[in-house]
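What follows is the residue order along each chain.
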Amino acid sequence: MNEKATEIMSVYKALQTQRAPWESWWDDLREYVLPRRVSTEEEKSLPYQDSLEHITDTTAIEACQRLASGHISYITPSHDVWFKWSAPDDEGGDEAEAWYNACSEVALRELSISNFYTEIHECFLDRVALGTGSLFTGTNAEGKLQFKNIPCGSFACAENADGQVDTYMREFSLSPHQARTMFGEKALGERAIEIIRSAKSPYTPSLRFIHLVRPRTQRLRNKRGAKHMPYESIYLSLDDCHIVEEGGYREFPYLVTRFLKWGQGPYGLAPGRLVFPAIKQVQFLNRILDTLGEIAAFPRILELANQIGEVDLRAGGRTVITPEAAAMNLPREWATQGRYDIGLERLKSKQEAIRNAYFLPMLELWQHRQGNMTATEVMARENERVLMFSPSFTLFVSDLYSMMERIFALLFRLGRFSSPPKAVLRADRDGGIVVREPRVVYQSKIALVLRRLQNDGMDRSLSRLASMIQMAPDLIDHVDWDYCFRQSSRVDGAPEQMLRPLREVQQMRADRVAQMSPPAEAAETDPYAALNPLLSEFTTPQ
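Residues numbered from 1 in each chain as written. Predicted model: local features only at pLDDT ≥ 70, side-chain atom pairs only at ≥ 80, totals over all residues. Heavy atoms only, no water.

Caption draft 1: Focus on empty space enclosed by the protein. Enumeration over the complete set of coordinates arrives at one cavity of 30 Å³ or more. Each pocket or cavity is described by its volume, and for the largest cavity that value is around 40 Å³. Forming the walls of the largest cavity are Trp 85, Tyr 401, Met 404, Glu 405, Glu 437, Pro 438 and Val 440. Residue contributions to the lining of the largest cavity peak at three residues, all from helix α13 (residues 375-413). For the lining of the largest cavity, the class distribution of residues is five nonpolar, no polar and two charged. (1 Å grid on protein atoms, 1.4 Å probe; cavity = no way out; pocket = protein on both sides within 12 Å on 5 of 7 lines; lining within 4 Å. Points joined across faces, edges and corners; volume = space filled by probe spheres on them. Helix = DSSP H or I, 4+ residues; strand = E, 2+ residues; numbered from the N terminus. Nonpolar A, V, L, I, M, F, W, Y, C, P; charged D, E, K, R; others polar.)

Rendered as structure tokens:
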């Protein structure tokens, strides 16, 4: 083992130690909330029968599935525009804004033909059930975006001083065939090669590896190549502690998303952990109610010793008893006075607590209207319930930033976007010219509800202006109507093709002014003639 491999193993053990306190909680939550995942390294095609035998109530399982599906429907819907890239500032003007918006439309098409929505759903299941989900973002051999869900428990990570995950170590297994294809036989260590050559089944995962991604401490910024990229990538074989591949990434490739932050660690708090006693209690209460139901259907019978085998419990059955048994009122039902109604009431209260913890009332609000609510009442209820979910959504937006940055960079390098205008270019610290990173504006249902609260301020201001403008007409000069309309259209998710470029709008206005101007011989009497050259210079594209 060389010095670097030794150092990587020490990092691996340190991150494992930091992760260890969470593992028991993840095991408990898998057992009761996500039984389909019984392995931390890989997901089985079918759950083990033993993992389901103790489950008598599926409220938590169904709530987890619905909230994970709700993430897809209301945060990253595959059938709708759920994000747009926007200019990072106002320096580039509307030209920069239009280019970034067009790039986001290309990105949405690329996501729709990739495996993003399949893998992000698996990531959301881990985020909801276990509190922490992870997703790898890359490209395949055909130059298309490719994603891979990394099961919670098979990776360890650490944050930088800003609270962003920048160190990531993933544990995984490969079959001999996969290892040879991925790394090449010459890159593997002696023990791994021996396993490959002696393997009876080359398609059974039997080789163990770790993948480490972390910030590169020493690099030359003005040089190209994987060894000078901001993040170093190292694959190490655990079978013989041998480094099989060293490379790099320009952007951090792993998304780590937490449902809620817990303390200062990099892992998240699952909603099921807050109501875990209720999740276990509903299993017990269901068993009790099942027992009471069986007793009601098949009551306990008290009978004399000499009546064994003589009592006929069939429908319409007849049992002949002696005068002695009749005097003692035997046979008769015995110990069947359990209160099924009280148990059912307790069960419903526990189930309701679980449903609330997984925000199911918020999801049900969008599925159907109850009663004859007005649009204003619906909006008020949406605002109230979504605000309760907003801490988790806000954290997701923060965690997702690194992935959105990588998707933008990958598609740009693949040539999927049109040529960038000068308005989006800037000089980097090394003297090169680069495209400025966009700002992400989320357009999903939850994001729009949250943004609605911000847009309400503009609507209220314009309503107030409408009532005041009769007394003070000059107040209208305070409002940039072009900005209000274009911004509200983009916030509402309108396609960028709907809006003409601002320069074109200004040119159309200038043309109308020119058509309405008097003939040239009368231009001297036009009080606005001196403004025409300035207007023409302002509206001419640069």
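Following the structure, the description resumes.
Caption draft 2: Here's a closer look at the sheet that holds strand β9 (residues 254-258). Taken together, the three strands give an open sheet; going across it, the order is β3-β2-β9, and neighbouring strands pair in antiparallel fashion. Taken across any chain shown, the strands that pair with only one partner, and hence form the sheet edges, are β3 (145-149) and β9. Strand-to-strand, the axes of this sheet are offset by a mean angle of 25°, without reference to chain direction. Examined bridge by bridge, strand β2 (residues 132-139) and β3 share five bridges and lie antiparallel to one another. (Pairing = 2+ DSSP bridges. Axes fitted to C-alpha atoms, helices over the stretch in contact; angles between N-to-C directions.)

Caption draft 3: Focus on the layout of surface pockets. Looking at the largest pocket, its volume works out to about 1700 Å³. Along its surface, the largest pocket is lined by 44 residues, and Pro 230, Arg 250, Glu 251, Glu 405 and Glu 437 are the ones closest to its centre. Listing elements by their share of the lining of the largest pocket, those giving two or more residues are β5 (165-174), β9, α13 and β13 (433-435). The dominant element in the lining of the largest pocket, judged by the number of residues it contributes, is α13, at 10 residues. Residues belonging to the lining of the largest pocket are distributed by class as follows: 17 nonpolar, nine polar and 18 charged.

Caption draft 4: Local environment of the pattern of salt bridges. For the structure shown, the criterion picks out 20 salt bridges. A salt bridge links Arg 214 to Glu 7, with the shortest nitrogen-to-oxygen separation between them at 2.9 Å. Residue Arg 214 is located in strand β6 (residues 207-215), and its partner Glu 7 is located in helix α1 (residues 3-32); the two are separated by 207 residues in the primary sequence. Classification of Glu 7 by relative accessible area gives partly exposed; the value is 31%. A salt bridge links Arg 436 to Asp 89, with the shortest nitrogen-to-oxygen separation between them at 2.6 Å. Residue Arg 436 is found in the loop between β13 and β14 (439-442), and its partner Asp 89 is found in the loop between β1 (83-86) and α4 (93-112); the two are separated by 347 residues along the sequence. On the accessibility criterion, Arg 436 (8% relative accessible area) is buried. Several salt bridges share partner residues, and in doing so they unite Lys 4, Glu 7, Arg 214, Glu 232 and Glu 246 into one network. (Salt bridge = Lys/Arg side-chain N within 4 Å of Asp/Glu carboxyl O. Buried < 20%, exposed > 50% of the residue type's maximum accessible area, 1.4 Å probe, protein only.)

Caption draft 5: Just the environment of Val 275, in detail. Tracing the chain through its elements places Val 275 in the loop between α8 (271-274) and α9 (276-297). Relative accessible area serves as the criterion here: at 14%, Val 275 is assigned to the buried category. For the pair Val 275 and Ile 354, spaced 79 residues apart in sequence, the C-alpha separation works out to 6.3 Å.

Caption draft 6: Local environment of the sheet that holds strand β4 (residues 155-159). Read from one edge to the other, the open sheet built from five strands follows the order β4-β5-β6-β7-β8, with strand pairing classed as antiparallel. Of all the strands in the sheet, just β4 and β8 (242-249) have a single pairing partner and so form its edges. The sheet shows a mean angle of 15° between the axes of neighbouring strands, taken without regard to direction. Both β6 and strand β7 (residues 231-237) contribute to a ladder of seven bridges, which runs antiparallel. Bridging from a neighbouring strand, Ile 210 pairs with Leu 236 of β7. Packing against the sheet, α1 makes contact with β4, β5, β6, β7 and β8, and its axis sits at approximately 100° to β5. Sitting on the sheet, helix α6 (residues 176-183) is in contact with β5, β6, β7 and β8, with an inclination near 130° to β5. (Contact = heavy atoms within 4.5 Å.)

Caption draft 7: A look at the packing of aromatic side chains. Applying the stated criterion across every chain yields a total of 30 aromatic pairs. Here Trp 22 and Tyr 267 contribute two aromatic rings whose centre-to-centre distance is 5.8 Å and whose plane-to-plane angle is 55°, an arrangement assigned as tilted. Of this pair, Trp 22 sits in helix α1 while Tyr 267 sits in the loop between β9 and α8, and the two are 245 residues apart along the sequence. For the pair Trp 22 and Tyr 267, one class covers both residues: buried. An angle of 45° between the planes, with centres 6.2 Å apart, marks the rings of Phe 259 and Phe 359 as tilted. (Phe/Tyr/Trp six-rings, centres within 6.5 Å; stacked < 30°, edge-to-face > 60°.)

Caption draft 8: The arrangement of unusual backbone geometry in detail. Backbone torsion omega between Leu 330 and Pro 331 reads -5°, so that peptide bond is classified as cis. With respect to the helices, strands and loops of the structure, Pro 331 is situated in the loop between α10 (323-327) and β11 (332-333). At Cys 241, a position not held by glycine, the phi torsion is positive, near 50°. Residue position: Cys 241 is located in the loop between β7 and β8. The residue Asn 329 is not glycine, and still its phi comes out positive at about 55°.

Caption draft 9: Main features of the pairing of β4. For β4, a buried count of four out of five residues is recorded, marking the element as mostly surrounded by other parts of the structure. Linking two consecutive strands that pair antiparallel, namely β4 and β5, is a turn of five residues; a positive phi of about 80° is found at Gly 163 within it.

Caption draft 10: Inspection of α9 at higher detail. End to end, α9 covers 32 Å across 22 residues, agreeing with the expected 32 Å (1.5 Å per residue, within 8%). Regarding α9, the residues found buried are Phe 276, Ala 278, Ile 279, Val 282, Gln 283, Leu 285, Asn 286, Leu 289 and Ile 295. Tucked inside the fold, the buried residues of α9 contact α1, α3 (59-74), α8 and α11 (340-357). (Expected span 1.5 Å × (residues − 1).)

Caption draft 11: Main features of the side chain of Asp 399. By the element assignment, Asp 399 lies in helix α13. Under the relative-accessibility criterion, Asp 399 is labelled buried at 9%.

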